[in-house]
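The residues making up each chain are set out below.
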Amino acid sequence: MRKGSFETTPRDCLSMPTKQPSFLARTTLGLPHYLLVAMAALFVLALAPLGAWKAVQRQSNQIESWLPASHGVALDDRWFREQFDGQQFIMVSWDDCTLGKPAKLATLARKLQQEAAGPDSAIARVETGPQWVDRLTAAPYGLAYEGAIDRLEGTFVGPPQRDERGASLGYASRQTCLVAYVTPLAASSDAAVASAIERIRTAAQESGIEVASLRMAGPAIDAVLTGQENLASLLRWGSLAVLLSAAICAWRLHSIRLAAMVALPAVASGVIMLAIVFYSGALEVLSLGRPTPLLGVADALVMAAPLLTYALALVAGLRVLHYYRDARLAHGLDGAAERAVADGWPGLGMVALLFAALMGALCFSDLLPLRRFGLFAGLGTLASVGAVLAILPVWLHRFPLGDRAVKSMAGPRQDGSPSPRLASVFEAAITGRGLMAAAGLLVLAAAVIGAQQLNPVTRLPALLGGRSALVSDYDWFGARVGHAVPLEIVLTVPNERHRDPHESPEVDGQQYRMTKREQMEFVSEVQARLDGISELSGSLSAGTLLPASGDLGDGVALQRDLTALELVRAERRMGSDLETGRQLWRVSARLMAATPGLPVDYLATRDRVHIAVNPVLQAYEQRDWLVRELHERGGQLQDAAICILFHGLDDAATPEDGAPAALLGALLNRSGVQRGGVTYYNTRQLERQGQAAAARERAADSLRNSAVVLAAPVADASPEATALAGLAQAGLSVIDLGKLPPIEESATSPSVEIGGARPIRAVFNGTPMIATAVSEELSATPGIVWKVVVPGLIVAMMCVVWHPVVGLAAVIAVALPLALTLGVMGWAGLPYDLGIVLIGGLAVGLALDGAIHYVAWFRHGVNAELFRDEAARMAFARCAPATVDGAIAIGIGFSALALSPVTLFHQLGLVALGLEAAVLFACLVVLPAIMASPLAAMMGADAAPAAANQTIPPVRIVLPGEGDGELRPSRTDAAATGVPAPTHRGRTPVPASHGGRDAEGPHESLQAKLQRLRHASGE
């Protein structure tokens, strides 16, 4: 080819291909790509607000649904709801609602009773304190006014008010209340309950009661009011957190416009996450045929997840913005948005995928809120990365930043390098890399030890703080009327245990059959023992309706009231109207609410309830066994001489109150034994030194004509067992009732075959049982972390750095913020509840973001033949500014959430600053120290030559984000001067392109050909 042929070719023609438009500027079907991307993003964003609003409107916080359907506590709860309709109630009162001023209460009750009579009413029935007093003082009960008040105290009537001197103000001053019971259909719908609440408020206003003075509490309204408070806090305090974090971004970026550019996509990400919840629920209903969605429902924890999505999206936006700044400084305006995406999307995508996988591990939990949170937090994060990469680059392309704006965020030297203060942090980290790494390991070890001391809460998570109206109302009821949390005990009595008054109780010789009055006394005994538990303010049962005279009359009016008040029911098979042949006697107690500041331990409460109830059931079962034993010997319980052995103090003649022997003795005394009642014998007399043989002989002689009963179990090889063996040698037969098998199975399980008639059992239902089950499931959550999350994180980091040892070391930086947060809680002795996953998710997400981006850029430096200190410094310059800006914005912004009355938001706000400080320490101190250490040599990062007498000519290193570069020695220069610089292990050294930088961009190969063509043509 002749040279002259190029002379005729205009220079513009050769340079035209170098001016190809960037990807976003190109067109398809006549439309620029940025417009197509913007249209797709707007289509998705247009669907998000509607879906988010639907998700918020359909949120559900019914704690009964937290456990899986197959869980024993959930089965018992469902069984109870099928047998009784009245567990869900609303307590209503106000400051002036007393027994002495019943007029307004009566008017309100009348209006709500008219409402309950309607066909579609959410209210099933209404009861008031004065109504109960009138019922108990009228026939057939005939109680005195004072006696009726005593039976109702703690449920419908409060304690007497007192003056300044502490003197009682009388019965008229006692606070009272109205209780509206919600229908089962309405109780399953938060919208129906919300409608019932509004109807109560309207009726109160019509009755002359100020709506602002109303106090309402109870299980029926917990979910509704909690959801309303969640939404209000998310809008109020969440908005404040967003505005504050955006203000911090404006301060750090020196521009309100830039702050809006990163904050708006983050807010959109939170909205998209809530929309995903709604559309997932719709997909469940349509594809799986469910009447209502199981996972696609927003609860308190899911309502807090948008804050997590917002934080991660905000940091992702800051990363893209800083990458755009670096692209502008290094390459100018053309293609800067595309270069920012090219630099950021691998790290952002990897962070989102890893975070979604880690959150997905929560789907292995049996707690439904944890499964929902893990699912939607992961999906929301994936969507947030898509939103940031779709919105921010288009915005930067269509409305590019001016040079002044770019330089304003380019650092003190306006070249993209970190500030001197931030650079000093890095230099200190790599200078004392051994000390920093050791400090990180020590902090991690101490944190892990502290985290192992964490224990889950033994009460239901307090979804609302002490400043919320609902919590205030619960405390008001507890102090003025009675507690408002239901605790239900159902005593199941088989029909074959019932007899008429004229029938013999031992007609079949297998059991002691009871009259209706005896069954009511049995329930009263259980109720009395429950009333001795300090957390319970009172209870209602059939014993509350026991007539003062003890005479039930014909029992018609009594049975009508027991049925109407849902205190006695005939058991039905689940899902059927067929009866099982058992009568269900209900004891409905009122338990103290676990509001902030009250030391309520529901696990201890559950144990105390079992201790109160089970000995009574055991005594009744022992009586049946005694009847069988006596009939096998040809006798009977009626008029029998019974002696009960017990093990007490040396001189005790009778057992202690509440002991198994005392309970059995009291029961036998009411069962027709010989005149004078049962007798007792203290086996301690048989253990005295030197007197045992004589004592056994005397005991055998005195007890030979009695049925000797042992009520409590005796340990083998104990002195008491030796004494009892001596009695047997003396010819005395002891009926051992202490070895009866315990009956603790669920009401939904088959009865245990223990011989004889079916036993009386107790089914425990209510908040303590659910709280204990939730606590047990929460205690399994750390196991999921150790078995699934940590191994998955280790494998993922190994893949990122492409070396197992270095990957394991990098996990330290990711796990350190979470471990430090949990460790501080453990050392402080703080229990954890559901809110721990929100805090842990924020810690892991931000630490992953900082670590993944740093390690990715460190690998870029290693591939560019930099020494490991230089690769670490380059990665620090690329990642540290966005990491610091994000940590400051999130830490300070989310601190505003500490003002929220919602516990989940409040806890997150309290730890936000400390958590972000831990993230900065892990990502900017510990991780650079690890990457600059000899461990990095395993991934091909070599150390700089240590020979002081070597003179190495400097070269200009120009990597993405370094601006014009800095003069630093490279490994090629070291090799040229005779200093050995080994190549990468298992890899071929990457040749540097013109200018010391790898070629990048979509047209570099074309540009290189044109440059060679120009050179050949003499240009």
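Residues numbered from 1 in each chain as written. Predicted model: local features only at pLDDT ≥ 70, side-chain atom pairs only at ≥ 80, totals over all residues. Heavy atoms only, no water.

Before going further, it helps to examine the pairing of strand β10 (residues 579-591). If a strand is regular, its side chains alternate between the two faces of the sheet. Taken across its 13 residues, β10 has 10 buried, putting it largely inside the fold. One ladder, built from 10 bridges, connects strand β7 (residues 485-494) with β10; its direction is antiparallel. Across the sheet, the residue bridging to glutamate 488 is serine 588, located in β10. Pairing geometry for strand β8 (residues 536-540) and β10, over four bridges, is antiparallel. The residue bridging serine 539 from the neighbouring strand is alanine 589, located in β10. Hairpin connection from strand β9 (residues 568-572) to β10: six residues lie between these consecutive antiparallel strands, with glycine 575 at a positive phi of about 80 degrees. (Buried < 20%, exposed > 50% of the residue type's maximum accessible area, 1.4 Å probe, protein only. Helix = DSSP H or I, 4+ residues; strand = E, 2+ residues; numbered from the N terminus. Pairing = 2+ DSSP bridges.)

Further remarks concern helix α19 (residues 516-530). Working note: α-helix, 3.6 residues per turn, so residues spaced by three or four point in the same direction. Under the 1.5 Å per step criterion, the end-to-end length of α19 is 21 Å for 15 residues, consistent within 8% with the ideal 21 Å. Buried within α19 we find Glu518, Gln519, Met520, Phe522, Val523, Ser524, Glu525, Val526, Gln527 and Leu530. Lining the buried residues of α19 we find β7, β8, α20 (556-564), β10, α21 (602-632) and α22 (660-669). (Expected span 1.5 Å × (residues − 1). Contact = heavy atoms within 4.5 Å.)

Let us now look at the pattern of salt bridges. Any two side chains of opposite charge can pair, so long as their charged atoms come close to each other. This model, assessed by the stated rule, comprises 31 salt bridges. Residue glutamate 206 is joined to lysine 111 by a salt bridge in which the shortest nitrogen-to-oxygen separation is 3.8 Å. Of this pair, glutamate 206 sits in helix α9 (residues 190-206) while lysine 111 is found in helix α5 (residues 103-116), placing the two residues 95 residues apart along the sequence. When its relative accessible area of 48% is taken as the criterion, glutamate 206 is described as partly exposed. (Salt bridge = Lys/Arg side-chain N within 4 Å of Asp/Glu carboxyl O.)

On the surface, a nonpolar cluster with roughly 480 Å² of combined accessible area is contributed by Phe43, Val44, Leu47, Leu50 and Tyr279. It is helix α3 (residues 33-57) that contributes the most residues to the nonpolar patch, four residues altogether. Within the secondary structure layout, tyrosine 279 lies in helix α11 (residues 256-288). (Patch = residues over 30% accessible without salt bridge, like charges linked within 9 Å, V, L, I, M, F, W, Y side chains within 5 Å. Areas by Shrake-Rupley, 256 points an atom, 1.4 Å probe, with all protein chains shown as cover.)

Attention shifts here to the sheet that holds strand β14 (residues 734-736). With parallel pairing, four strands are arranged side by side in an open sheet as β12-β11-β13-β14. Two strands in the sheet have a free side with no partner beyond their single neighbour: β12 (679-682) and β14. Put simply, the sheet's adjacent strands are angled 30 degrees from each other on average, direction ignored. Relative to β12, strand β11 (residues 642-646) runs parallel, the two sharing four bridges. Following the sheet pairing, leucine 645 is matched in β12 by tyrosine 681. The strands that α21 touches are β11, β13 (707-710) and β14; relative to β14, the one it contacts most, it runs at about 140 degrees. Across the sheet, α22 touches β11, β12 and β13, and the angle it forms with β11 is around 170 degrees. (Axes fitted to C-alpha atoms, helices over the stretch in contact; angles between N-to-C directions.)

Residues Phe373, Phe522, Leu530, Ile642, Leu848 and Phe894 are the most contacted members of the largest nonpolar core, which totals 267 residues. Ranked by the residues each element gives to this core, the list is headed by helix α12 (residues 300-331), at 21 residues. Looking at this core, you find at least three residues from each of domain 1 (226-287 + 298-411 + 418-452 + 770-939) and domain 2 (601-759). When residues no more than four places from it in sequence are discounted, the contact partners of leucine 530 are Ile489, Leu536, Val587, Val609, Ala612 and Val613. (Core = buried A, V, L, I, M, F, W, Y, C linked by side-chain atoms within 4.5 Å. Domains from an automatic or database assignment.)

If you walk across this open sheet you meet the four strands as β4-β5-β3-β6, and the pairing is antiparallel. Edge strands, defined here as strands with exactly one partner in the open sheet, are β4 (123-128) and β6 (215-217). Taken over all neighbouring pairs, the strand axes of this sheet differ in orientation by 20 degrees on average, direction set aside. Two strands pair when backbone bridges link them, and strand β3 (residues 89-93) and β6 are joined in this way by three bridges, in the antiparallel orientation. In the strand pairing of β6, serine 93 is matched with arginine 215.

What follows is about the packing of aromatic side chains. One pass over the full model with this rule turns up 10 aromatic pairs. Measuring from centroid to centroid gives 5.2 Å for phenylalanine 278 and tyrosine 279, while their planes differ by 65 degrees, and the two rings are edge-to-face. Its relative accessible area of 17% is what places phenylalanine 278 among the buried residues. For tyrosine 279, a relative accessible area of 35% puts it in the partly exposed group. With a centroid separation of 5.2 Å and an interplanar angle of 90 degrees, the aromatic rings of tryptophan 476 and phenylalanine 477 are classed as edge-to-face. Both residues of the pair, tryptophan 476 and phenylalanine 477, count as buried. Across from the ring centre of tryptophan 132, 4.9 Å away, lies the NZ or CZ of arginine 135, which sits over that ring. It is arginine 586 that lies over the ring of phenylalanine 84; its NZ or CZ is 5.2 Å from the centre. (Phe/Tyr/Trp six-rings, centres within 6.5 Å; stacked < 30°, edge-to-face > 60°. Lys NZ or Arg CZ within 6 Å of the ring centre and 35° of its normal.)

So, about the side chain of arginine 582. Within the secondary structure, arginine 582 sits in strand β10. On the basis of relative accessibility, which here comes to 7%, the residue arginine 582 falls in the buried class. Side chain to side chain, arginine 582 and threonine 492 meet in a polar contact 3.4 Å long. For arginine 582, the side chain forms a polar contact with the side chain of glutamate 571, separated by 2.7 Å. (Polar contact = N/O pair within 3.5 Å; in protein donor to acceptor, adjacent residues only side chain to side chain.)

Moving on, we get to the pairing of β11. Among the five residues that make up β11, five are buried, leaving the element largely enclosed by the rest of the structure. The alternating pattern of β11 places Ile642, Ile644 and Phe646 and Cys643 and Leu645 on opposite faces, both of which are buried. Bridge count between β11 and β13: four bridges; the pairing is parallel. Each bridged residue has a counterpart across the sheet, and for isoleucine 642 the counterpart in β13 is alanine 707. In this fold, β11 hands off to α22, which returns the chain to β12; that crossover is right-handed. (Right-handed = clockwise from strand over helix to strand, strands pointing away.)

Looking now at the packing of helix α6 (residues 129-137) against helix α7 (residues 145-152). Axis separation between α6 and α7 bottoms out at 9 Å; the angle between their running directions is 130 degrees. Judged on the interaxial angle alone, α7 and α6 are oblique. The element α6 and its partner α7 pack so that their crossing is right-handed. Across the interface between the two elements, Gly129, Trp132, Val133, Leu136 and Thr137 from α6 touch Tyr145, Ala148, Ile149, Arg151 and Leu152 from α7. Of the residues in the contact of α6 with α7, the class split is seven nonpolar, two polar and one charged. (Parallel < 35°, antiparallel > 145°, perpendicular 65-115°, else oblique. Left-handed = near helix turned anticlockwise from the far one by under 90°. Nonpolar A, V, L, I, M, F, W, Y, C, P; charged D, E, K, R; others polar.)

You can see alanine 187 is positioned in helix α8 (residues 184-187). Assessed through its relative accessible area of 14%, alanine 187 is described here as buried. Separated by 125 residues in the primary sequence, alanine 187 and glutamine 62 have C-alpha atoms spaced 9.5 Å apart. Among residues more than four places away in sequence, those in contact with alanine 187 are Gln62, Gln88, Val182 and Val193.

This brings us to the environment of alanine 203. Structurally, alanine 203 is set in helix α9. In this structure alanine 203 comes out as buried when scored by relative accessible area, which is 0%. Linking alanine 203 and arginine 110, residues 93 residues apart in sequence, is a C-alpha distance of 9.5 Å. If sequence neighbours within four positions are ignored, alanine 203 has contacts with Leu108, Lys111 and Leu112.

Across the protein chain, pLDDT averages 80, with 84% of residues at or above 70. For the protein chain, the element scoring lowest by mean pLDDT is helix α2 (residues 11-15), at 31; α6 scores highest, at 94. Below pLDDT 50 for its whole length, residues 947-1019 participates in 110 contacts with residues either more than four positions away or in separate chains. (pLDDT = per-residue confidence, 0-100.)

Right, let's talk about unusual backbone geometry for a bit. The omega angle of the peptide bond from alanine 139 to proline 140 is 5 degrees, so this bond is cis rather than trans. Position of proline 140 relative to the elements: it lies in the loop between α6 and α7. For histidine 254, which is not glycine, the phi dihedral falls at a positive 60 degrees. Assignment of secondary structure puts histidine 254 in the loop between α10 (219-253) and α11. In the Ramachandran plot, glutamate 566 falls in the positive-phi region, its phi being about 55 degrees despite a non-glycine side chain. Residue position: glutamate 566 is located in the loop between α20 and β9.

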